[in-house]
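# Architecture at a glance
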There are 2 protein chains.
Amino acid sequence: MYKGNAFMVAALEEAMKAGQNDEVPVGAVITYNGAIISQSHNLVRKNMDPTAHAEVLCIRAASQKLSSYYLDECDIYVTLEPCAMCAQAIAFSKIKRLYFGAYDEKFGAIENGVRLFNAPISNHKPEIYGGIEQEKTTEIIQTFFSNKRGRAGILL
Amino acid sequence: MYKGNAFMVAALEEAMKAGQNDEVPVGAVITYNGAIISQSHNLVRKNMDPTAHAEVLCIRAASQKLSSYYLDECDIYVTLEPCAMCAQAIAFSKIKRLYFGAYDEKFGAIENGVRLFNAPISNHKPEIYGGIEQEKTTEIIQTFFSNKRGRAGILL
């Protein structure tokens, strides 16, 4: 049951931190029992790690906090439709609900691309809610790439 | 150009280390200029991290070693067909060649499942060689799951 946009706003604040540091502005939070237990943003450049997406970092932190590789009582809020890497990480961690903001035609793997959770072999399918705070979550990513246009070094 | 199975044997040694510690026995190595620059194995349980697959750990270490999130002059050798999480991580890191051992009908995402690199939006497609040292790489994973049968706590 979606109880409001406060957690997506917190994810947006994480996304803004990423953008301020010239990282692709994507943020995420994981909640448990109605409270945030981990929050992070894209840190590919800072961590020099192509796997350092907001969702992966959040899942890792939440698993350590709960001492469990299964997060089946947790929800994740992410400002951008997860890519296949993050979607499979969500499947492995058995996160209960996935809320995401902007749709991503290029790398999204939920409603775009390989649509991972529609695949017959997906070991876990969370409840999925897309388009949360869609206007703001779309604006932050579009603005970032508009400003980048014509510059080298764009990466996700 | 595939120059022999020595790197896959090194990946198999990593897989065996994982199995000895009750981790799913998958190992990987990344090579650069004909030498191994990172090697790791599944550490989901030990690291309490559902994303701690051999490939992710190898990519992270190699990126830090080369101070680059692009590993476009590197090859990866992994004992099991990568899952969607690892396949997308390989795409993001632009690894040049992917060599894998056993095929994985359950979680594999190269020749099985979502076949990530066949998707029209894949941003990078490595050269792909499957079935390297297939007998040994298949045996190690099958033996592990045969021994597990009937026991709880199986995870990948």
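A brief look at the structure comes next. Because the structure is predicted, anything quoted here is derived from the model rather than measured.

## So, the relation of the copies chain B and chain A
The operation linking the two copies of the chain is a rotation about an axis combined with a translation along the axis. Mapping chain B onto chain A leaves a residual RMSD of 0.0 Å; the transformation is a rotation of 180° accompanied by 0.0 Å of translation along its axis. Here the symmetry operator amounts to a two-fold rotation axis. Residue Met-85 of chain B, judged by its C-alpha, is the member of chain B lying nearest the rotation axis, at 1.8 Å. Both copies contact each other with a shared surface, as 100% of the interface residues of chain B are interface residues in chain A too.

## A closer look at the interface of chain B and chain A
Listed per partner, the contact involves 37 residues of chain B and 37 residues of chain A. The junction of chain B with chain A conceals about 3,000 Å² of combined surface from both sides, 73% of it contributed by carbon and sulfur atoms. Sorting the residues of chain B by area buried against chain A places Met-48, Tyr-69 and Phe-92 of chain B first, and these three jointly supply 24% of that buried surface. On inspection of chain B and its partner chain A, the count reaches two salt bridges. Ionic pairing is found between Asp-49 of chain B and Arg-60 of chain A, a salt bridge with its closest N-O pair at 2.9 Å. Among the elements of the structure, helix H2 (44-47), helix H3 (54-66) and helix H4 (84-93) of chain B are those that each provide at least two residues to the side of chain B that touches chain A. Looking at the side of chain B that touches chain A, its residues break down into 20 nonpolar, 12 polar and five charged.

## As for the sheet that holds strand E4 (residues 97-102) of chain B
The strands making up a sheet are joined through hydrogen bonds of the backbone, oriented either antiparallel or parallel. All names here are of chain B. Reading across the sheet, the five strands line up as E2-E1-E3-E4-E5 and stay open at both edges, with mixed pairing between neighbours. Strand pairing shows two members of the sheet lacking a second neighbour, strand E2 (35-41) and strand E5 (127-129), which therefore form its edges. Going across the sheet, the axis of each strand differs from the next one's by a mean of 15°, ignoring polarity. As defined by bridge partners, E4 adjoins E5 across three bridges and the pair is classed as parallel. Its bridge partner being in E5, Tyr-99 is matched across the sheet by Tyr-129. Along the sheet face, H3 touches strand E1 (27-32), E2 and strand E3 (74-80) and points at about 140° away from the line of E2.

## A look at the pattern of salt bridges
Residues and elements named next belong to chain B. For the structure shown, the criterion picks out 10 salt bridges over all chains. Residues Asp-22 and Lys-148 are paired through a salt bridge, measuring 2.9 Å at the closest nitrogen-oxygen approach. You can see Asp-22 sitting in the loop between helix H1 (6-20) and E1 and its partner Lys-148 sitting in helix H5 (residues 134-148), a full 126 residues away along the chain. By relative accessible area, which is 4% here, Lys-148 ends up buried.

## Overview of the sheet that holds strand E2 (residues 35-41) of chain A
Residue and element names in this part refer to chain A. An order of E2-E1-E3-E4-E5 is seen for the five strands of this open sheet, with the pairing classed as mixed. The open sheet has two free edges, formed respectively by E2 and strand E5 (127-129), since each of these has just one partner strand. If you compare each strand with its neighbour and ignore which way they point, the axes differ by 15° on average. Relative to the sheet, helix H3 (residues 54-66) contacts strand E1 (27-32), E2 and strand E3 (74-80), its axis offset from that of E2 by approximately 140°.

## Side note on the nonpolar core
Residues Ile-30 and Met-85 of chain A together with Ile-30, Met-85, Leu-98 and Val-114 of chain B are the most contacted members of the largest nonpolar core, which totals 74 residues. In contact with Met-85 of chain A, not counting residues within four places along its chain, are Pro-50, Thr-51, His-53 and Val-56 of chain A together with Ala-84, Met-85, Gln-88, Ala-89 and Phe-92 of chain B.

## What about the side chain of Glu-23 of chain B?
All names here are of chain B. Note that Glu-23 resides in the loop between H1 and E1. Buried within the structure, Glu-23 lacks any salt-bridge partner; Arg-45 is the closest side chain of opposite charge, at an N-O distance of 4.9 Å. Among the polar contacts listed, one links the side chain of Glu-23 to the backbone nitrogen of Val-44, at a separation of 3.1 Å. Among the polar contacts listed, one links the side chain of Glu-23 to the backbone nitrogen of Lys-46, at a separation of 2.7 Å.

## Notes on H3 of chain B
Under the 1.5 Å per step criterion, the end-to-end length of H3 of chain B is 18 Å for 13 residues, consistent within 8% with the ideal 18 Å. Along H3 of chain B, the positions that sit buried rather than exposed are Ala-54, Glu-55, Val-56, Leu-57, Cys-58, Ile-59, Arg-60, Ala-62 and Ser-63 of chain B. As for H3 of chain B, its buried residues are in contact with H3 of chain A together with E1, E2, H2, E3 and H4 of chain B. The first or second residue beyond H3 of chain B is Ser-67 of chain B, which carries a positive phi of 50°.

Conventions and cut-offs
Residues numbered from 1 in each chain as written. Chains lettered and ligands numbered in written order. Predicted model: local features only at pLDDT ≥ 70, side-chain atom pairs only at ≥ 80, totals over all residues. Heavy atoms only, no water. Least-squares fit on C-alpha atoms with pLDDT ≥ 70 in both. Contact = heavy atoms within 4.5 Å. Buried area = accessible area lost by both parts, 1.4 Å probe. Salt bridge = Lys/Arg side-chain N within 4 Å of Asp/Glu carboxyl O. Helix = DSSP H or I, 4+ residues; strand = E, 2+ residues; numbered from the N terminus. Nonpolar A, V, L, I, M, F, W, Y, C, P; charged D, E, K, R; others polar. Pairing = 2+ DSSP bridges. Axes fitted to C-alpha atoms, helices over the stretch in contact; angles between N-to-C directions. Buried < 20%, exposed > 50% of the residue type's maximum accessible area, 1.4 Å probe, protein only. Core = buried A, V, L, I, M, F, W, Y, C linked by side-chain atoms within 4.5 Å. Lys, Arg positive; Asp, Glu negative; His and termini not counted. Polar contact = N/O pair within 3.5 Å; in protein donor to acceptor, adjacent residues only side chain to side chain. Expected span 1.5 Å × (residues − 1).

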